[in-house]
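Read off the chains here:
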Amino acid sequence: MSKISPLIRIWYRQNFRKLPWRETKNPYLIWLSEIILQQTRVEQGLPYYKKFSTNYPDVHALAAAKEQDVLNDWQGLGYYSRARNLQATANYICKELKGQFPECYKDLIKLKGIGPYTAAAISSFAFDEKKAVVDGNVYRVLSRLFDISTAIDSNEGKKEFQLLADELIDEDEPGIHNQALMELGAMVCKPSNPACEACPLSALCLSFARGNFNERPVKQNKNKVRERFFHYLIFNNGKKMVIEQRQEKDIWEKLYQFPLVETSTLEDPVEYDFRYRSKPIKHLLSHQKINAVFYHFDELPKKIKDNWIIIDLHELENYPLPRLIDKYMEELSLKH
Ligand code: SF4
(Lines give C-alpha, C1' and ligand atoms only; values in the text may rest on other atoms or scores of the structure.)
Protein backbone atom coordinates (compact mmCIF):
# COMPACT_ATOMS: atom_id res chain seq x y z
CA MET A 1 0.00 0.00 0.00
CA SER A 2 2.76 2.44 0.97
CA LYS A 3 4.46 1.98 -2.42
CA ILE A 4 1.49 3.26 -4.40
CA SER A 5 1.76 7.00 -3.81
CA PRO A 6 5.52 7.28 -4.57
CA LEU A 7 5.10 5.22 -7.76
CA ILE A 8 2.27 7.31 -9.16
CA ARG A 9 3.93 10.61 -8.21
CA ILE A 10 7.13 9.64 -10.06
CA TRP A 11 5.05 8.55 -13.06
CA TYR A 12 3.05 11.80 -12.92
CA ARG A 13 6.11 14.04 -12.89
CA GLN A 14 7.35 12.36 -16.05
CA ASN A 15 4.06 12.09 -17.91
CA PHE A 16 1.54 14.73 -16.90
CA ARG A 17 -0.20 16.89 -19.50
CA LYS A 18 0.75 20.53 -19.14
CA LEU A 19 -2.54 22.29 -18.53
CA PRO A 20 -2.91 25.91 -17.41
CA TRP A 21 -4.84 25.13 -14.22
CA ARG A 22 -1.97 22.89 -13.12
CA GLU A 23 0.40 25.84 -13.22
CA THR A 24 -1.41 27.86 -10.59
CA LYS A 25 -2.17 27.65 -6.89
CA ASN A 26 -4.88 30.29 -7.20
CA PRO A 27 -8.01 28.68 -5.70
CA TYR A 28 -10.34 30.79 -7.86
CA LEU A 29 -8.72 29.55 -11.10
CA ILE A 30 -8.60 25.96 -9.84
CA TRP A 31 -12.29 26.20 -8.94
CA LEU A 32 -13.10 27.57 -12.42
CA SER A 33 -11.26 24.67 -14.06
CA GLU A 34 -12.94 22.06 -11.86
CA ILE A 35 -16.44 23.35 -12.60
CA ILE A 36 -15.74 23.62 -16.34
CA LEU A 37 -14.30 20.09 -16.43
CA GLN A 38 -17.29 18.43 -14.73
CA GLN A 39 -18.91 16.14 -17.34
CA THR A 40 -16.55 17.64 -19.94
CA ARG A 41 -13.44 16.33 -21.68
CA VAL A 42 -10.18 18.27 -21.16
CA GLU A 43 -9.87 19.16 -24.88
CA GLN A 44 -13.39 20.57 -24.89
CA GLY A 45 -13.00 22.40 -21.56
CA LEU A 46 -9.63 24.02 -22.31
CA PRO A 47 -10.87 26.88 -24.58
CA TYR A 48 -13.62 27.63 -22.06
CA TYR A 49 -11.09 27.82 -19.23
CA LYS A 50 -9.00 30.25 -21.28
CA LYS A 51 -12.06 32.35 -22.09
CA PHE A 52 -13.30 32.47 -18.49
CA SER A 53 -9.91 33.11 -16.92
CA THR A 54 -9.40 36.00 -19.40
CA ASN A 55 -12.89 37.53 -19.24
CA TYR A 56 -13.29 37.01 -15.49
CA PRO A 57 -9.73 36.93 -14.08
CA ASP A 58 -10.84 36.98 -10.43
CA VAL A 59 -13.85 36.33 -8.28
CA HIS A 60 -14.84 40.03 -8.29
CA ALA A 61 -14.94 40.18 -12.09
CA LEU A 62 -17.14 37.08 -12.22
CA ALA A 63 -19.50 38.43 -9.54
CA ALA A 64 -19.83 41.77 -11.36
CA ALA A 65 -20.51 40.25 -14.80
CA LYS A 66 -23.97 40.19 -16.38
CA GLU A 67 -25.60 36.77 -16.13
CA GLN A 68 -26.38 36.84 -19.85
CA ASP A 69 -22.68 37.40 -20.69
CA VAL A 70 -21.61 34.50 -18.46
CA LEU A 71 -24.21 32.21 -20.05
CA ASN A 72 -23.16 33.30 -23.53
CA ASP A 73 -19.54 32.49 -22.70
CA TRP A 74 -20.68 29.12 -21.36
CA GLN A 75 -22.66 28.34 -24.52
CA GLY A 76 -21.80 24.92 -25.96
CA LEU A 77 -20.62 23.42 -22.66
CA GLY A 78 -24.09 22.33 -21.49
CA TYR A 79 -25.30 21.92 -17.92
CA TYR A 80 -25.91 25.64 -17.54
CA SER A 81 -26.70 25.30 -13.84
CA ARG A 82 -22.91 25.05 -13.40
CA ALA A 83 -22.46 28.56 -14.83
CA ARG A 84 -25.24 29.93 -12.65
CA ASN A 85 -23.82 28.31 -9.53
CA LEU A 86 -20.38 29.70 -10.40
CA GLN A 87 -21.74 33.21 -10.49
CA ALA A 88 -23.96 32.79 -7.42
CA THR A 89 -20.94 31.53 -5.47
CA ALA A 90 -18.72 34.36 -6.74
CA ASN A 91 -21.37 36.82 -5.51
CA TYR A 92 -21.54 35.10 -2.14
CA ILE A 93 -17.75 35.18 -1.73
CA CYS A 94 -17.61 38.88 -2.60
CA LYS A 95 -20.52 39.94 -0.42
CA GLU A 96 -20.43 37.56 2.55
CA LEU A 97 -16.75 36.61 2.71
CA LYS A 98 -15.31 40.03 1.75
CA GLY A 99 -13.86 38.56 -1.45
CA GLN A 100 -11.72 36.05 0.47
CA PHE A 101 -11.78 32.61 -1.16
CA PRO A 102 -12.20 29.87 1.53
CA GLU A 103 -8.92 28.09 2.23
CA CYS A 104 -9.94 24.74 3.67
CA TYR A 105 -12.19 21.80 2.82
CA LYS A 106 -14.75 22.40 5.56
CA ASP A 107 -15.37 26.01 4.40
CA LEU A 108 -15.24 25.20 0.68
CA ILE A 109 -17.89 22.50 0.91
CA LYS A 110 -20.39 25.01 2.31
CA LEU A 111 -20.42 26.85 -1.03
CA LYS A 112 -23.14 26.34 -3.63
CA GLY A 113 -22.13 23.97 -6.43
CA ILE A 114 -19.11 22.62 -4.50
CA GLY A 115 -19.45 18.99 -3.41
CA PRO A 116 -16.95 16.67 -1.68
CA TYR A 117 -14.95 16.07 -4.88
CA THR A 118 -14.52 19.74 -5.81
CA ALA A 119 -13.81 20.79 -2.21
CA ALA A 120 -11.11 18.10 -1.96
CA ALA A 121 -9.63 19.09 -5.32
CA ILE A 122 -9.40 22.83 -4.48
CA SER A 123 -8.15 22.31 -0.93
CA SER A 124 -5.47 19.80 -1.94
CA PHE A 125 -4.31 21.50 -5.19
CA ALA A 126 -4.29 25.07 -3.87
CA PHE A 127 -3.55 24.60 -0.16
CA ASP A 128 -1.99 21.10 0.07
CA GLU A 129 -4.66 19.96 2.50
CA LYS A 130 -4.67 16.19 2.93
CA LYS A 131 -8.06 15.47 1.36
CA ALA A 132 -8.42 12.58 -1.09
CA VAL A 133 -10.38 13.22 -4.29
CA VAL A 134 -12.57 10.44 -5.64
CA ASP A 135 -13.81 11.04 -9.17
CA GLY A 136 -14.65 8.59 -11.97
CA ASN A 137 -10.97 8.08 -12.77
CA VAL A 138 -10.08 7.33 -9.17
CA TYR A 139 -12.97 4.87 -8.81
CA ARG A 140 -11.73 3.02 -11.86
CA VAL A 141 -8.07 2.83 -10.83
CA LEU A 142 -8.82 1.77 -7.24
CA SER A 143 -11.48 -0.79 -8.19
CA ARG A 144 -8.98 -2.45 -10.53
CA LEU A 145 -5.90 -2.09 -8.39
CA PHE A 146 -7.59 -3.79 -5.41
CA ASP A 147 -10.10 -5.80 -7.48
CA ILE A 148 -13.10 -4.41 -5.61
CA SER A 149 -16.54 -5.64 -6.66
CA THR A 150 -18.61 -3.27 -4.49
CA ALA A 151 -20.75 -1.09 -6.78
CA ILE A 152 -19.27 2.42 -6.98
CA ASP A 153 -22.73 4.02 -7.16
CA SER A 154 -23.98 2.35 -3.95
CA ASN A 155 -23.74 4.10 -0.57
CA GLU A 156 -21.57 1.26 0.65
CA GLY A 157 -19.25 1.65 -2.36
CA LYS A 158 -18.93 5.42 -1.95
CA LYS A 159 -17.85 4.98 1.68
CA GLU A 160 -15.48 2.11 0.93
CA PHE A 161 -13.71 3.93 -1.91
CA GLN A 162 -13.44 7.18 0.04
CA LEU A 163 -11.88 5.33 2.99
CA LEU A 164 -9.41 3.60 0.71
CA ALA A 165 -8.49 6.85 -1.06
CA ASP A 166 -8.01 8.51 2.36
CA GLU A 167 -5.65 5.72 3.40
CA LEU A 168 -3.56 6.01 0.24
CA ILE A 169 -3.09 9.77 0.13
CA ASP A 170 0.38 11.11 0.71
CA GLU A 171 1.20 13.23 3.76
CA ASP A 172 3.69 15.58 2.07
CA GLU A 173 2.25 16.03 -1.40
CA PRO A 174 -1.50 15.44 -1.24
CA GLY A 175 -2.15 17.73 -4.23
CA ILE A 176 0.32 15.94 -6.51
CA HIS A 177 -0.90 12.55 -5.26
CA ASN A 178 -4.51 13.42 -6.19
CA GLN A 179 -3.54 14.80 -9.58
CA ALA A 180 -1.42 11.71 -10.26
CA LEU A 181 -4.18 9.23 -9.46
CA MET A 182 -6.67 11.10 -11.66
CA GLU A 183 -4.19 11.50 -14.50
CA LEU A 184 -3.33 7.80 -14.36
CA GLY A 185 -7.03 6.99 -14.73
CA ALA A 186 -7.45 9.44 -17.60
CA MET A 187 -4.31 8.50 -19.55
CA VAL A 188 -3.45 4.88 -18.73
CA CYS A 189 -6.17 3.06 -16.81
CA LYS A 190 -8.82 3.97 -19.36
CA PRO A 191 -12.36 2.57 -19.28
CA SER A 192 -11.67 0.14 -22.12
CA ASN A 193 -8.28 -1.24 -23.12
CA PRO A 194 -6.22 0.10 -20.22
CA ALA A 195 -2.51 0.42 -21.10
CA CYS A 196 -1.35 -1.92 -18.32
CA GLU A 197 2.08 -2.40 -19.89
CA ALA A 198 2.75 1.33 -19.37
CA CYS A 199 1.22 1.46 -15.89
CA PRO A 200 3.50 2.09 -12.88
CA LEU A 201 1.13 -0.01 -10.74
CA SER A 202 0.93 -3.14 -12.90
CA ALA A 203 3.12 -5.21 -10.54
CA LEU A 204 0.69 -4.44 -7.69
CA CYS A 205 -2.59 -4.57 -9.61
CA LEU A 206 -4.93 -7.44 -8.71
CA SER A 207 -7.24 -6.99 -11.72
CA PHE A 208 -4.26 -7.03 -14.06
CA ALA A 209 -3.04 -10.30 -12.48
CA ARG A 210 -6.55 -11.80 -12.65
CA GLY A 211 -7.36 -10.43 -16.12
CA ASN A 212 -10.73 -9.02 -15.03
CA PHE A 213 -10.10 -5.27 -15.46
CA ASN A 214 -12.94 -5.05 -18.01
CA GLU A 215 -15.37 -6.00 -15.24
CA ARG A 216 -14.18 -3.20 -12.92
CA PRO A 217 -15.60 -0.90 -11.71
CA VAL A 218 -19.00 -2.43 -10.97
CA LYS A 219 -22.08 -0.19 -11.23
CA GLN A 220 -25.50 -1.10 -9.88
CA ASN A 221 -27.58 1.35 -11.90
CA LYS A 222 -26.65 1.47 -15.50
CA ASN A 223 -27.85 4.88 -16.66
CA LYS A 224 -31.59 4.99 -17.11
CA VAL A 225 -32.18 7.18 -20.13
CA ARG A 226 -35.37 9.18 -20.50
CA GLU A 227 -36.47 9.65 -24.11
CA ARG A 228 -38.14 12.97 -25.03
CA PHE A 229 -39.66 14.39 -28.21
CA PHE A 230 -39.24 18.11 -28.93
CA HIS A 231 -40.92 19.98 -31.78
CA TYR A 232 -39.50 23.46 -32.32
CA LEU A 233 -41.51 26.05 -34.26
CA ILE A 234 -39.33 28.52 -36.15
CA PHE A 235 -41.52 31.50 -37.08
CA ASN A 236 -39.46 33.79 -39.27
CA ASN A 237 -40.90 36.42 -41.61
CA GLY A 238 -37.50 37.55 -42.89
CA LYS A 239 -37.23 40.38 -40.34
CA LYS A 240 -38.54 39.07 -37.05
CA MET A 241 -38.70 35.76 -35.26
CA VAL A 242 -40.21 34.30 -32.11
CA ILE A 243 -38.37 32.84 -29.14
CA GLU A 244 -39.24 31.91 -25.57
CA GLN A 245 -37.30 31.32 -22.38
CA ARG A 246 -37.14 27.85 -20.84
CA GLN A 247 -38.46 27.58 -17.35
CA GLU A 248 -36.83 26.28 -14.18
CA LYS A 249 -36.54 22.68 -13.01
CA ASP A 250 -35.74 21.11 -16.34
CA ILE A 251 -32.74 20.77 -18.61
CA TRP A 252 -31.39 24.00 -20.13
CA GLU A 253 -33.03 26.07 -17.39
CA LYS A 254 -33.57 29.73 -18.38
CA LEU A 255 -31.95 29.35 -21.81
CA TYR A 256 -33.85 30.55 -24.89
CA GLN A 257 -35.38 28.46 -27.65
CA PHE A 258 -37.92 28.57 -30.45
CA PRO A 259 -41.46 27.88 -29.23
CA LEU A 260 -41.50 24.25 -28.20
CA VAL A 261 -44.17 21.59 -28.25
CA GLU A 262 -43.18 18.46 -26.33
CA THR A 263 -44.97 15.18 -27.02
CA SER A 264 -44.61 11.60 -25.87
CA THR A 265 -43.88 10.24 -29.36
CA LEU A 266 -42.34 11.62 -32.53
CA GLU A 267 -45.79 12.03 -34.12
CA ASP A 268 -46.34 15.37 -35.80
CA PRO A 269 -48.25 17.59 -33.33
CA VAL A 270 -48.28 20.76 -35.40
CA GLU A 271 -51.56 21.93 -36.80
CA TYR A 272 -50.04 24.95 -38.63
CA ASP A 273 -48.99 25.01 -42.29
CA PHE A 274 -45.23 24.79 -42.17
CA ARG A 275 -42.98 25.34 -45.17
CA TYR A 276 -40.35 22.82 -44.20
CA ARG A 277 -39.81 20.21 -41.53
CA SER A 278 -36.34 18.94 -40.62
CA LYS A 279 -35.50 15.30 -40.23
CA PRO A 280 -35.54 14.12 -36.59
CA ILE A 281 -32.28 15.03 -34.87
CA LYS A 282 -30.97 12.99 -31.95
CA HIS A 283 -29.22 14.76 -29.09
CA LEU A 284 -27.79 12.79 -26.17
CA LEU A 285 -27.44 14.08 -22.64
CA SER A 286 -26.19 11.98 -19.74
CA HIS A 287 -29.68 10.83 -18.71
CA GLN A 288 -31.86 11.95 -21.58
CA LYS A 289 -32.19 11.27 -25.26
CA ILE A 290 -33.81 14.18 -27.09
CA ASN A 291 -35.44 13.67 -30.49
CA ALA A 292 -35.97 17.08 -32.05
CA VAL A 293 -37.77 18.22 -35.18
CA PHE A 294 -37.69 21.82 -36.43
CA TYR A 295 -40.68 23.27 -38.30
CA HIS A 296 -40.09 26.37 -40.43
CA PHE A 297 -42.80 28.97 -41.04
CA ASP A 298 -42.51 32.03 -43.29
CA GLU A 299 -44.82 34.18 -41.17
CA LEU A 300 -45.25 35.11 -37.56
CA PRO A 301 -48.24 33.43 -35.95
CA LYS A 302 -51.50 35.38 -35.60
CA LYS A 303 -51.83 34.43 -31.94
CA ILE A 304 -48.79 35.25 -29.81
CA LYS A 305 -48.58 33.44 -26.47
CA ASP A 306 -47.79 35.42 -23.32
CA ASN A 307 -44.32 33.93 -22.86
CA TRP A 308 -43.22 34.41 -26.48
CA ILE A 309 -40.75 37.15 -27.32
CA ILE A 310 -40.57 38.73 -30.78
CA ILE A 311 -37.03 39.71 -31.75
CA ASP A 312 -35.19 41.00 -34.83
CA LEU A 313 -33.40 38.16 -36.65
CA HIS A 314 -29.94 39.56 -35.92
CA GLU A 315 -30.70 39.66 -32.18
CA LEU A 316 -30.83 35.87 -31.89
CA GLU A 317 -27.09 35.69 -31.26
CA ASN A 318 -27.55 37.71 -28.03
CA TYR A 319 -29.61 34.94 -26.47
CA PRO A 320 -27.96 31.83 -25.02
CA LEU A 321 -29.42 28.76 -26.74
CA PRO A 322 -29.09 25.03 -25.97
CA ARG A 323 -26.32 23.38 -27.97
CA LEU A 324 -28.89 21.35 -29.92
CA ILE A 325 -30.48 24.51 -31.39
CA ASP A 326 -27.18 26.24 -31.85
CA LYS A 327 -25.82 23.32 -33.88
CA TYR A 328 -28.95 23.14 -35.99
CA MET A 329 -28.72 26.86 -36.79
CA GLU A 330 -25.03 26.54 -37.66
CA GLU A 331 -25.73 23.70 -40.07
CA LEU A 332 -28.61 25.62 -41.58
CA SER A 333 -26.52 28.68 -42.31
CA LEU A 334 -23.91 26.46 -43.95
CA LYS A 335 -26.54 24.90 -46.18
CA HIS A 336 -28.04 28.17 -47.45
FE1 SF4 B 1 -5.30 -0.06 -14.50
FE2 SF4 B 1 -3.89 -1.90 -15.79
FE3 SF4 B 1 -2.70 -0.15 -14.15
FE4 SF4 B 1 -4.24 -2.09 -13.18
S5 SF4 B 1 -2.32 -2.34 -14.30
S6 SF4 B 1 -4.23 0.05 -12.55
S7 SF4 B 1 -5.82 -2.21 -14.75
S8 SF4 B 1 -3.77 0.32 -16.08
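For the structure, see preceding data.
Fair warning: this is a prediction, and the values are worked out from it, not measured in the lab.

### What about the sheet that holds strand β2 (residues 240-245)?
Backbone hydrogen bonds hold the strands of a sheet together, and the pairing may be parallel or antiparallel. Strand order in the open sheet formed by three strands is β3-β2-β8, with antiparallel pairing between adjacent strands. The open sheet has two edge strands with one neighbour each: β3 (256-257) and β8 (308-312). The pairing of β2 with β3 spans two bridges and is classified as antiparallel. Residue Q245 lies in a different strand from β3, and its bridge partner there is Y256.

### A look at the pattern of salt bridges
Here the structure, examined in full by the defined rule, presents 21 salt bridges. As a salt-bridge pair, R216 and D147 come within 2.7 Å of each other at their nearest N and O atoms. Taken together, the positions of R216 in the loop between α12 (206-210) and β1 (226-235) and D147 in the loop between α9 (136-145) and α10 (155-168) put the pair 69 residues apart, joining distant regions of the chain. The buried category is assigned to R216, whose relative accessible area is 13%.

### Structural notes on the site of the ligand
Surveying the vicinity of the ligand reveals the residues R144, V188, C189, P194, C196, C199, S202, C205, F208 and F213. Here the residues of the shell around the ligand are counted per class, giving eight nonpolar, one polar and one charged.

### Quick look at unusual backbone geometry
The omega angle of the peptide bond from R216 to P217 is 0 degrees, so this bond is cis rather than trans. A positive phi angle, near 55 degrees, is found at D128, a position not held by glycine. Tracing the chain through its elements places D128 in the loop between α8 (116-127) and α9. One non-glycine residue with positive phi stands out, namely D147, at about 45 degrees.

### A closer look at the pairing of strand β7 (residues 288-297)
For β7, the buried fraction is high: nine of the 10 residues fall into the buried class. By the bridge criterion, 10 bridges tie β1 to β7 in an arrangement that is parallel. Across the sheet, residue F229 finds its bridge partner in β7, namely N291. Where strand β5 (residues 276-277) meets β7, two bridges bridge the pair, whose relative direction is antiparallel. Note on β7: the bridge partner recorded for R277 is Y295. Hairpin connection of strand β6 (residues 281-284) to β7: three residues between the antiparallel strands.

### A few points about the packing of helix α2 (residues 27-37) against helix α6 (residues 81-96)
Running from N to C, α2 and α6 point in directions that differ by 160 degrees, and their axes come no closer than 10 Å. Our classification of the angle between α2 and α6 gives roughly antiparallel. Pair α2 / α6 crosses with right-handed handedness. The segment α2 lies against α6, with W31, L32, I35, I36 and L37 engaging R82, L86, T89 and A90. By residue class, the composition of the contact of α2 with α6 is seven nonpolar, one polar and one charged.

About the criteria used
- Residues numbered from 1 in each chain as written.
- Predicted model: local features only at pLDDT ≥ 70, side-chain atom pairs only at ≥ 80, totals over all residues.
- Heavy atoms only, no water.
- Pairing = 2+ DSSP bridges.
- Helix = DSSP H or I, 4+ residues; strand = E, 2+ residues; numbered from the N terminus.
- Salt bridge = Lys/Arg side-chain N within 4 Å of Asp/Glu carboxyl O.
- Buried < 20%, exposed > 50% of the residue type's maximum accessible area, 1.4 Å probe, protein only.
- Near = heavy atom within 4 Å.
- Nonpolar A, V, L, I, M, F, W, Y, C, P; charged D, E, K, R; others polar.
- Axes fitted to C-alpha atoms, helices over the stretch in contact; angles between N-to-C directions.
- Parallel < 35°, antiparallel > 145°, perpendicular 65-115°, else oblique.
- Left-handed = near helix turned anticlockwise from the far one by under 90°.
- Contact = heavy atoms within 4.5 Å.

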